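Residue strings, one per chain:
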Amino acid sequence: MSWPTLYAQLVGVNRYSTSLGKIWLSVLFIFRVMVLVVAAESVWGDEQSDFTCNTLQPGCENVCYDHFFPVSHIRLWCLQLVFVSTPTLLVAMYVAYRNHGDKKRILQSSAVQEAELESLKRRKMPLAGALWWTYACSLLFRLLFEGGFMYALYVVYDGFQMPRLVQCDQWPCPNLVDCFISRPTEKTVFTVFMATTSSICMVLNMAELAYLVAKAVTRGNIYPHGTTPLATFQGGHNEISQMFLEE
Amino acid sequence: MPLTPPAEPDPEPKMNWASFYAVISGVNRHSTGIGRIWLSVLFIFRILVLVVAAESVWGDEKSGFTCNTQQPGCNSVCYDHFFPISHIRLWALQLILVSTPALLVAMHVAHRRHVDKKLYKLSGRASPKDLEQIKTQKMKITGALWWTYVISLFFRIVFEVTFMYVFYMIYPGYKMIRLVKCDSYPCPNTVDCFVSRPTEKTVFTVFMLAVSGVCILLNVAEVVFLVGKACSKHLHNAGDSTMGAWIAQKLCSY
């Protein structure tokens, strides 16, 4: 179970996403997961072994490291990426559930089934009704998780900057000792980078939510309550706009 | 110029440059010939060299950085002062940022296919064979796609030049010095600190710089080629100003 497996799962749901959702997925995997694995993990690789305190007291370095770094940035980011990706699986589960129901219905009816089953596999569900609500909920959860994790990182590490020197007086350190963090500037650069991409993802999610709401509202306006596109054919223009509005 | 990703003996797949290659090389179909050469140069002379050679040169950059003092913390602080961000990370970010404008083109092509599909359905040609044909058809770089492609090339050039400039600012002269003198707290006085493998690092820095320059030249050549092609098509069309040709050009320009 690894990042490519998660990617494969999420790409499968891409069919039901809006264009903004597809952009979000690319930004997530290229600028966040890829950068995390290829670059950030090697910056934080020696975070504990190179955490040096100005003392010979055994155990002082361990205790001070633990005091100042309760959860490493890398682990927080991994958790954030996993949590942010999972609401999309809600959508996948709902689509699978709908397909299962439709499949059962088709198999139960005694009419020609092969062609219908094939079209069921290939059909793209319009983003309306319960699917719309599931998708909108997944977007809300994504926003909550992104914001929550960014806030947690900010609170635990007092901002996004990594200091060079921290002063520690936990037992068994004899007095106040200076402890030096390895590669603080590089860590600050990457923290800011990941925070920026996280904000970009949040903006994309908010834009997608606004787009969905706008689409639902305009769909409500074009088809006033009680009418359907088949019943109110008002010429080619309406049909074309309906096809372009439907995803 | 199709390339197969390097065969990896790992039992577990990793999110790494090989999967990145799979994502980016999908754009290859819609590139010009120069674009495909650029992609090959990127993957062979930059990403492969980075992964196979450069990462092991910089592997011990911190553990091999030694200062002439026993003061704890002086090593860390001096290393951080002289190497705010490592070459390897800068190159990784550069390669990721330089490759992503190609995805703009991929998105535009996907959008065009989507529109073509709708037009086909509207005109009644909605058979699976016709829809398959849309998927496999090679898009011509005309109209708005031409603009997207040129803009993506422009962004590539800007990112390349920006990173080269950042390198120059952080590491003046692109040379790795053997000895740096450091007096940041807590180092007691000015201490001598020695960088590990400076000559090898200089060699690789110059190599990556040269290949970066080659990539910039390829991108510039591609822009010139596209502009030249568009101009010659325009001149050709200006000579043949029949209604049919004009309509054909307008229909192609999306």
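Residues numbered from 1 in each chain as written. Chains lettered and ligands numbered in written order. Predicted model: local features only at pLDDT ≥ 70, side-chain atom pairs only at ≥ 80, totals over all residues. Heavy atoms only, no water.

Considerations on the UniProt feature "domain: Connexin N-terminal" (unreviewed entry) in chain B
Then, in step 1: Mapped onto this numbering, the UniProt entry gives "domain: Connexin N-terminal" (unreviewed entry) at residues 56-89 of chain B.
Then, in step 2: Spanning residues 56-89 of chain B, this segment combines 41% helix with 6% strand, and its end C-alpha atoms are found 13 Å apart. (UniProt positions renumbered as here; feature names shortened; annotations may be inferred. Helix = DSSP H or I, 4+ residues; strand = E, 2+ residues; numbered from the N terminus.)

Thoughts on the UniProt feature "transmembrane region" (unreviewed entry) in chain A
All names here are of chain A.
Then, in step 1: Cross-referencing UniProt, the feature "transmembrane region" (unreviewed entry) maps to residues 23-40, 74-97, 130-157 and 190-214 in the present numbering.
Then, in step 2: With 96% helix and 0% strand, residues 130-157 has end C-alpha atoms that lie 41 Å from one another.
Then, in step 3: The distance separating the terminal C-alpha atoms of residues 190-214 is 36 Å; by composition the span is 100% helix and 0% strand.

Re the pattern of salt bridges
Proximity of charged atoms lets side chains of opposite charge pair with each other.
Then, in step 1: Scanning the entire structure with this criterion turns up 15 salt bridges over all chains.
Then, in step 2: Asp60 of chain B is the partner of Arg197 of chain B in a salt bridge, and the nearest nitrogen-oxygen pair spans 3.2 Å. With Arg197 of chain B in the loop between β3 (191-194) and α8 (198-239) and Asp60 of chain B in the loop between α2 (33-57) and β1 (66-67), this pair connects stretches of sequence that are 137 residues apart.
Then, in step 3: Judged by relative accessible area, Arg197 of chain B falls into the partly exposed class, the value being 38%.
Then, in step 4: It is possible to trace a salt-bridge network through shared partners that takes in Asp46, Arg183 and Glu186 of chain A together with Glu61 and Arg89 of chain B. (Salt bridge = Lys/Arg side-chain N within 4 Å of Asp/Glu carboxyl O. Buried < 20%, exposed > 50% of the residue type's maximum accessible area, 1.4 Å probe, protein only.)

Thoughts on the nonpolar core
Then, in step 1: Judged by nonpolar contacts, the single largest core of 104 residues is most densely connected at Phe51 and Phe190 of chain A together with Trp17 and Phe65 of chain B.
Then, in step 2: Tallying contributions element by element places helix α2 (residues 19-43) of chain A first for this core, with 15 residues.
Then, in step 3: Among all residues touching Phe65 of chain B, those that are not within four sequence positions of it are Asp60, Asn75, Cys78, Tyr79, Phe83, Val180, Cys193, Phe194 and Val195 of chain B. (Core = buried A, V, L, I, M, F, W, Y, C linked by side-chain atoms within 4.5 Å. Contact = heavy atoms within 4.5 Å.)

Describing the sheet that holds strand β3 (residues 177-180) of chain A
Backbone hydrogen bonds are what pair the strands of a sheet, in a parallel or an antiparallel way.
Residues and elements named next belong to chain A.
Then, in step 1: What the three strands build is an open sheet, ordered β1-β3-β2; its pairing is antiparallel. Both outer strands of the open sheet, β1 (52-53) and β2 (165-168), are each paired with one neighbouring strand and no more.
Then, in step 2: Bridging between β1 and β3 involves two bridges; their strand directions are antiparallel. Along β3, the bridge assignment pairs Cys53 with Cys179.
Then, in step 3: Docked against the sheet, helix α3 (residues 60-68) engages β1, β2 and β3, running at close to 110 degrees with respect to β2. (Pairing = 2+ DSSP bridges. Axes fitted to C-alpha atoms, helices over the stretch in contact; angles between N-to-C directions.)

Considering the pairing of β3 of chain A
Along any regular strand, the residues point their side chains to alternate faces of the sheet.
All names here are of chain A.
Then, in step 1: The alternating pattern of β3 places Val177 and Cys179 and Asp178 and Phe180 on opposite faces, both of which are buried.
Then, in step 2: Judged from the four bridges that link them, β2 and β3 form a sheet pairing that is antiparallel. Considered in β3, the bridge of Leu165 is made with Phe180.

Regarding the UniProt feature "domain: Connexin N-terminal" (unreviewed entry) in chain A
Then, in step 1: According to UniProt, the feature "domain: Connexin N-terminal" (unreviewed entry) maps to residues 42-75 of chain A in the numbering used here.
Then, in step 2: Between the C-alpha atoms that bound residues 42-75 of chain A there is a distance of 13 Å. The span itself is 41% helix and 6% strand.

Comments concerning the interface of chain A and chain B
Then, in step 1: Across the boundary between the two partners, chain A contributes 38 residues, which contact 35 residues of chain B.
Then, in step 2: Both faces combined, the contact of chain A with chain B buries some 3,200 Å², and carbon together with sulfur accounts for 70% of it.
Then, in step 3: There are four salt bridges connecting chain A and chain B.
Then, in step 4: For Glu186 of chain A, the salt bridge identified is with Arg89 of chain B, shortest N-O distance 2.7 Å.
Then, in step 5: Where chain A touches chain B, the interface holds ten residue pairs in polar contact (both at pLDDT 80 or more).
Then, in step 6: Elements supplying a minimum of two residues to the side of chain A that touches chain B: α1 (3-13), α2, β1, β3, α7 (184-222) and α8 (236-245) of chain A.
Then, in step 7: When residues in the side of chain A that touches chain B are grouped by element, the largest group, twelve residues, is from α2 of chain A.
Then, in step 8: For the side of chain A that touches chain B, the class distribution of residues is 25 nonpolar, six polar and seven charged. (Buried area = accessible area lost by both parts, 1.4 Å probe. Polar contact = N/O pair within 3.5 Å; in protein donor to acceptor, adjacent residues only side chain to side chain. Nonpolar A, V, L, I, M, F, W, Y, C, P; charged D, E, K, R; others polar.)

As for the pairing of strand β2 (residues 179-182) of chain B
Residue and element names in this part refer to chain B.
Then, in step 1: Side chains Val180 and Cys182 project from β2 onto a buried face, and the interleaved Leu179 and Lys181 project onto a face without burial.
Then, in step 2: Of the pairings in the sheet, the one linking β2 to β3 comprises four bridges and is antiparallel in character. Looking at the pairing, Cys182 lines up with Val191 of β3.

Some words on the sheet that holds β1 of chain B
All names here are of chain B.
Then, in step 1: Pairing in this open sheet of three strands is antiparallel, and the strands run β1-β3-β2 from one edge to the other. If you trace the sheet from one side to the other, it starts and ends with β1 and β2, each paired once.
Then, in step 2: Sheet strands touched by helix α3 (residues 74-82): β1, β2 and β3. Its angle to β2, the strand with the most contacts, is close to 110 degrees.

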